[in-house]
Amino acid sequence: MTTPTTPTAPTAPEKPSVRILLCDDHVVVRAGLLALLDSAPDIEVVGEAGTGEEVLALAAKLHPDVVLMDLQLGAGIDGVEATRRLTATDRAPHVLVLTTYDTDADITRAIEAGATGYLLKAERPEELFAAIHAAAQGRTTLSPPVASRVMANMRKPRPTLTDRERDILTQLAQGLGNRDIAKALFISEATVKTHLGRIYAKLGVDTRAGAVSVAKEQRLLP
């Protein structure tokens, strides 16, 4: 007499791992991230890069789901430009920025370049893992300080510049000095200085570089 067997419940299919390509120019940081990501059972690091050029080449070869991208990569193209090129390709991976930089300019440039998320390196491991899975699904994740800055900038009214102030700001962004701006716009250097003072006041800055940076953040330049 045979003993009846109890049917076993079907096992759920294994969740596929998120394939990660890691890009950071610091070897020690990469080693720490590799060890951390290796502890997550559903995340697989398929490659690592130390430069923007290297991450582009590896992404084309490995086709990761997510590229974990630092912004400052030393010599060569930076993380923002690498992000822009990655997201413009066929079979483009999602790019999750992981950086120590949280300035308005860095955040704006990364998001405009196509980054899916923006995370700070101070986040807890579980937050990083959750952000990676969100990025793999095309969902946006921002560190709380980054989200606060984004919301504050959205609520902040954009400064209003005159046509002449925009002209001068455009010349300023091209690296021209007061004398060259005056020649290009057929006005005196004194007039340029007067307009610059008004531009600085409206943008809340006190340097030429600061004016250009804020103008880019606020999309005041053509």
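As shown above, the structure is provided for reference.
Below is a short write-up of the structure. Keep in mind that what you see is a predicted model, and the values were worked out from it rather than measured.

Quick notes on the packing of helix α7 (residues 163-173) against helix α8 (residues 178-185)
Where α7 meets α8, the closest approach of the two axes is 10 Å, and the angle between their N-to-C directions is 130 degrees. By the angle between their directions, the pair α7 and α8 is classed as oblique. You can see that α7 and α8 cross each other, and the crossing is right-handed. Residues R164, D167, I168, Q171 and L172 of α7 form the contact with α8, whose own contacting residues are I181, A184 and L185.

A few points about the pattern of salt bridges
Across all of its chains, the model carries eleven salt bridges by this definition. Note that K121 is salt-bridged to D24, the shortest N-O span being 2.7 Å. Residue K121 is located in the loop between β5 (117-120) and α5 (125-136), and its partner D24 is located in the loop between β1 (18-23) and α1 (27-38); the two are separated by 97 residues in the primary sequence. A relative accessible area of 2% means that D24 is categorised as buried. Three or more residues joined by partner-sharing salt bridges are found here, namely D24, D70 and K121.

Here we look at the side chain of T99
Among the structural elements, T99 can be located in strand β4 (residues 94-99). For T99, a relative accessible area of 0% translates into the label buried. At 3.4 Å, the side chain of T99 and the side chain of D70 are in polar contact. At a separation of 3.2 Å, a polar atom in the side chain of T99 contacts the main-chain amide nitrogen of Y101. When residues no more than four places from it in sequence are discounted, the contact partners of T99 are D70, L71, Y118, L119, L120 and K121.

Quick word on the sheet that holds β1
The strand order across the open sheet formed by five strands is β2-β1-β3-β4-β5, and the pairing between neighbours is parallel. The sheet terminates laterally at β2 (43-49) and β5, the two strands that pair on one side only. Across the sheet, the axes of successive neighbouring strands diverge by a mean angle of 25 degrees, strand direction being ignored. Summarising the sheet, β1 and strand β3 (residues 66-69) pair through four bridges and their orientation is parallel. Following the sheet pairing, L22 is matched in β3 by L68. Taken strand by strand, α1 contacts β1, β2, β3 and β4, and its axis lies near 165 degrees from that of β2.

With respect to the nonpolar core
Core analysis: the largest hydrophobic core is formed by 18 residues, its most contacted members being L169, L172, L196, L203 and A211. Counting residues per element, the ones that place at least two in this core are α7, α8, α9 (189-203) and α10 (208-217). Per element, the largest residue contribution to this core is five residues, and it comes from α9. Setting aside residues up to four positions removed in sequence, A211 forms contacts with L169, L172, Y200, L203 and V205. In terms of nonpolar packing, the next biggest core, distinct from the first, is built from 17 residues, L37, L96, L98 and I132 among them.

A word on the packing of helix α2 (residues 52-62) against helix α3 (residues 79-87)
Two elements in contact, α2 and α3, have axes whose closest approach is 9 Å; the angle formed by their N-to-C orientations is 20 degrees. One way to sum up the angle between α2 and α3 is to call them roughly parallel. Viewed along their axes, α2 and α3 form a crossing whose handedness is right-handed. Of α3, the residues touching α2 (which contributes G52, V55, L56 and A59) are A82, R85 and L86.

Reading the values: the criteria
- Residues numbered from 1 in each chain as written.
- Predicted model: local features only at pLDDT ≥ 70, side-chain atom pairs only at ≥ 80, totals over all residues.
- Heavy atoms only, no water.
- Axes fitted to C-alpha atoms, helices over the stretch in contact; angles between N-to-C directions.
- Helix = DSSP H or I, 4+ residues; strand = E, 2+ residues; numbered from the N terminus.
- Parallel < 35°, antiparallel > 145°, perpendicular 65-115°, else oblique.
- Left-handed = near helix turned anticlockwise from the far one by under 90°.
- Contact = heavy atoms within 4.5 Å.
- Salt bridge = Lys/Arg side-chain N within 4 Å of Asp/Glu carboxyl O.
- Buried < 20%, exposed > 50% of the residue type's maximum accessible area, 1.4 Å probe, protein only.
- Polar contact = N/O pair within 3.5 Å; in protein donor to acceptor, adjacent residues only side chain to side chain.
- Pairing = 2+ DSSP bridges.
- Core = buried A, V, L, I, M, F, W, Y, C linked by side-chain atoms within 4.5 Å.

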